[in-house]
Structure formats: structure tokens, C-alpha cells
Amino acid sequence: DAGITQSPRHKVTETGTPVTLRCHQTENHRYMYWYRQDPGHGLRLIHYSYGVKDTDKGEVSDGYSVSRSKTEDFLLTLESATSSQTSVYFCAISEEGGAIGGYTFGSGTRLTVV
Amino acid sequence: QQQVKQSPQSLIVQKGGISIINCAYENTAFDYFPWYQQFPGKGPALLIAIRPDVSEKKEGRFTISFNKSAKQFSLHIMDSQPGDSATYFCRPWANDYKLSFGAGTTVTVRA
């Protein structure tokens, strides 16, 4: 997807290990978001950022932390991965919180915790 | 915090038919009403959006109709095609960054 890249695209990790997912944007948008998508639950917000070093929790933030040291990068860390964190993770960006032009999503990271 | 309720959860339509998805909301502060389309293995993408000062917006075969008094907006897909098979999400916007997207509606168009 233009302007937003997620890495890795796929990852398999063991229970209890730390995992970091990366989101990189080239649009210079102020807002960045991490969602997880699970069958029957849709897209649920984990954390979001409204500027460098400015982050806040979303609906399902337990077990996750984020960091944003540069406008273009937003990292999601699973401190100690659990099987319940097996999911597809999407990063999104927006101008002005989504009221102008909506959200632009990355292609997702499929994470499997075994 | 069920601020948005989307229906149906899934629908099957024949090629050439009309698909209708509804989104009911509670927060009257919402001022931007978009629909997103997601294909398998891809992230959602903005499909069409409307502001509350208009009652209808049409882009090709996709139409949003907005009923402010009923606090509801709908997506109509006219002349549905197999390529429209996807999951559709409504996600109205207010100054609430924490609102999730919900489960969406899976549309299957049979050839």
C-alpha cells in the first residue's frame, strides 16, 4: 500500500518471547494506529499515536507496548508473546485523526504464537 | 462501548443484484461517515464517505445514504459484481480515537 509499510509480513514465534512489529510511513501523517483483526471481532484498536513520543491506549492494549521516536515509525512490541496474541496486525495512518480522508492501512502482519 | 452497530454480519447476493449494508450509531457528534472495503489478505481501504450535510453520495456503483434523524447510514452496492466480494466496515468519525471498527459485513457475490 502506498506510503505505509509493515514488517515483517509473517512471523512465527514461541510463547514467552518478545516480538516487535514495525510500521513505516512516508506520508508525514501525524496519527498512527495499531489494530488487530480476529474472526468475529473485527478490527480492534491496540494503541495509537498522535505525535512523536505521544501515544495512548486503545481497546485491547494489555500485553502490548508501543513507541514512536520518529514521525515515520511506529513500533508495536509484545513483551512476552502468548497464544492469544496470534492475530493479523494492521498499522494505519491518518491526517487529523481520520476526519479528513479516513485511514490508510498497511498490508498487515500475520503473527502466530506457538 | 457499542457506539456503532453494523448489519447484517454477512450477505450473499447474485451477480447484478443490490447489496445493502446498514450502520446505526449513537454518538450524535459523529461528523464523517466512511465505508471501508477489505479484500482477503489485504488491509481495509477507504471506499466512500459522506458528511452529515448531505443525504446521499454516489460514486460509480456505490452509494451512501444518510439518515441523520434515524442515526443511520447505509452502503448500497448496485449491480453487484464478483469483484465486490469483500468485507465492509463502517467507522464513523468523531473526536474519539479509541473507537474500534467492529466486525464488518462479509459480502459474497455469486456469479
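Notes on the structure in this doc start here. Only a predicted model underlies this, so the values are computations on that prediction, with no experimental measurement involved. (Residues numbered from 1 in each chain as written. Chains lettered and ligands numbered in written order. Predicted model: local features only at pLDDT ≥ 70, side-chain atom pairs only at ≥ 80, totals over all residues. Heavy atoms only, no water.)

**Regarding the interface of chain B and chain A**
Then step 1. With 19 residues of chain B at the interface, the matching set in chain A holds 27 residues.
Then step 2. The largest per-residue losses of area from chain B upon contact with chain A belong to Tyr97, Lys98 and Phe101 of chain B, which jointly make up 33% of the total buried on that side.
Then step 3. Where chain B touches chain A, the interface holds zero salt bridges.
Then step 4. Across the chain B-chain A interface, the total number found is five residue pairs in polar contact (both at pLDDT 80 or more).
Then step 5. Here the residues of the side of chain B that touches chain A sort into 10 nonpolar, five polar and four charged. (Contact = heavy atoms within 4.5 Å. Buried area = accessible area lost by both parts, 1.4 Å probe. Salt bridge = Lys/Arg side-chain N within 4 Å of Asp/Glu carboxyl O. Polar contact = N/O pair within 3.5 Å; in protein donor to acceptor, adjacent residues only side chain to side chain. Nonpolar A, V, L, I, M, F, W, Y, C, P; charged D, E, K, R; others polar.)

**Looking at the environment of proline 40 of chain B**
Then step 1. Take proline 40 of chain B: it is sitting in the loop between strand E4 (33–38) and strand E5 (45–50).
Then step 2. As for proline 40 of chain B and alanine 86 of chain B, which are separated by 46 residues in sequence, their C-alpha atoms are 7.1 Å apart. (Helix = DSSP H or I, 4+ residues; strand = E, 2+ residues; numbered from the N terminus.)

**Let's talk about the pairing of strand E9 (residues 87–95) of chain A**
All names here are of chain A.
Then step 1. Most of E9 is tucked away, with eight of its nine residues classed as buried.
Then step 2. As defined by bridge partners, strand E4 (residues 31–38) adjoins E9 across seven bridges and the pair is classed as antiparallel. Among the inter-strand pairings, tryptophan 34 is bridged to a residue of E9, identified as cysteine 91.
Then step 3. Note that E9 and strand E11 (residues 109–113) share three bridges and pair antiparallel. Its bridge partner lying in E11, valine 88 is registered against arginine 110. (Buried < 20%, exposed > 50% of the residue type's maximum accessible area, 1.4 Å probe, protein only. Pairing = 2+ DSSP bridges.)

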